[in-house]
Each structure stands twice: as C-alpha cells, then as structure tokens.
Amino acid sequence: MKHINLFVFVQLLLISSGSSADSKRLLSSPFLEFSMSIKDSFGNWKENVFMQKSPKACSAFKKLMGNTWTAFLHGNGIPNTECPLLPVIYKGPGFDLLLFEKTNLPQSFFYGTYKFHMYYSRSNEIFGCQVYIIEIKRR
C-alpha cells in the first residue's frame, strides 16, 4: 500500500480581505480548471490535450473525488468535509494512493508521462494552482 503526503494550501486565502463571511463566499465562487499535457516521444510537452472548467471549485472537486472525498480530506488534514473549505493552511498524515481508483476521475490512460494543471480562477484571474506530473509505466 503506497501513501502520499501532501501539503494542501487553500490558496484562495490570498483573496480574502474581509470578514469570514466574505471569505466563505469567495471560496465557494471560484472556478476549478484542469488542463492536461502529455510528453511526446521526443520529450516535448503537448499542452492542453484535455481541458475542463467547472464553476464552484470546491463542489466540482468534491464531485470528481466521489465517495473518497472524506478520506481524501482527512488524509490532507482537513477536518471539515463541507464546502466551502476554510482558508487556512492544512497539514495532514497523507492518504492511500489507491483512493484514486475509487474516484470519478478517468481510470485508464496510455503509458506515458502526463502533466496535470489544476487552477482556481475567477473573472479570468488565477488565485492558485497545483501541478502534478505522473508517469504511467508497464509493470
């Protein structure tokens, strides 16, 4: 069983400048954007081979994670599982990578190296992003 430890930063803290009610409103309204790139046989990235933009970032991500939402959040040190998430820095014990097999994310990919960009945006302004590079190999 493989585990991964992630430091999850709710980057939208940068935009909260008012009361906690304003923070909650801001956290629930950004878009969640994904773009995927793939490395070709020459080692160059083919950018934006897949793109997705969904309103209400937290709810959209919750839908993608499906039944693993609670375990994923608890593994990242986030005790509250309701949207919106509070704008603080979370540190968790990690989670089992096998959780991804039970999500609503695509379950099959060709062998290769993929780069996933996840953005939080509102009015075409990016408030935070995460980049994951994943290599899928034969066993």
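Relevant structure appears above.
Residues numbered from 1 in each chain as written. Predicted model: local features only at pLDDT ≥ 70, side-chain atom pairs only at ≥ 80, totals over all residues. Heavy atoms only, no water.

This brings us to the side chain of S121. Looking at the element boundaries, S121 is found in strand β7 (residues 112-122). Of note is the side chain of S121, whose polar atom sits 2.4 Å from the side chain of E33. In contact with S121, other than residues within four places in its own chain, are P30, F31, E33, K53, I126 and F127. (Helix = DSSP H or I, 4+ residues; strand = E, 2+ residues; numbered from the N terminus. Polar contact = N/O pair within 3.5 Å; in protein donor to acceptor, adjacent residues only side chain to side chain. Contact = heavy atoms within 4.5 Å.)

Moving on to the sheet that holds strand β8 (residues 125-136). Ordered in space as β4-β3-β7-β8, the 4 strands form an open sheet in which the pairing is antiparallel. Strands with a single pairing partner mark the edges of an open sheet, and in this sheet they are β4 (45-54) and β8. Sheet twist, expressed as the mean angle between neighbouring strand axes with direction ignored, is 20 degrees. Where strand β3 (residues 31-39) lies against β4, 7 bridges are found, and the strand directions are antiparallel. Along β4, the bridge assignment pairs F34 with Q52. Strands β3, β4 and β7 of the sheet are contacted by helix α2 (residues 57-65), whose axis makes an angle of about 50 degrees with β3. (Pairing = 2+ DSSP bridges. Axes fitted to C-alpha atoms, helices over the stretch in contact; angles between N-to-C directions.)

Residues L32, F61, W69, F72, L73, L85 and M118 are the most contacted members of the largest nonpolar core, which totals 17 residues. The dominant element in this core, judged by the number of residues it contributes, is α2, at 5 residues. When residues no more than four places from it in sequence are discounted, the contact partners of M118 are L32, E33, F34, F61, G128, C129 and Q130. (Core = buried A, V, L, I, M, F, W, Y, C linked by side-chain atoms within 4.5 Å. Buried < 20%, exposed > 50% of the residue type's maximum accessible area, 1.4 Å probe, protein only.)

Moving on to the packing of aromatic side chains. The description of an aromatic ring pair uses the distance of the two centres, along with the angle that the planes make with each other. With the rule as written, the count across this model stands at 6 aromatic pairs. With 5.7 Å between their ring centres and 65 degrees between their planes, F61 and F72 make a pair best called edge-to-face. One end of the pair, F61, is in helix α2; the other, F72, is in helix α3 (residues 69-75), and 11 residues separate them in sequence. On the basis of an interplanar angle of 25 degrees and a centroid distance of 6.3 Å, the ring pair of Y114 and F116 is categorised as stacked. (Phe/Tyr/Trp six-rings, centres within 6.5 Å; stacked < 30°, edge-to-face > 60°.)

Mapping K56 onto the fold places it in the loop between β4 and α2. C-alpha of K56 to C-alpha of P30: the two residues are 26 residues apart in sequence and 5.5 Å apart in space.

The tally for this structure, following the rule as stated, stands at 2 salt bridges. E47 is the salt-bridge partner of K115, the closest N and O atoms lying 3.9 Å from each other. You can see K115 sitting in strand β7 and its partner E47 sitting in strand β4, a full 68 residues away along the chain. Take K115: its relative accessible area is 14%, and that puts it in the buried class. Using a relative accessible area of 42% as the deciding quantity, one classes E47 as partly exposed. Residues E135 and K137 are paired through a salt bridge, measuring 3.2 Å at the closest nitrogen-oxygen approach. A residue is classified by how much of its surface remains accessible, and K137, at 61% relative accessible area, is exposed. (Salt bridge = Lys/Arg side-chain N within 4 Å of Asp/Glu carboxyl O.)

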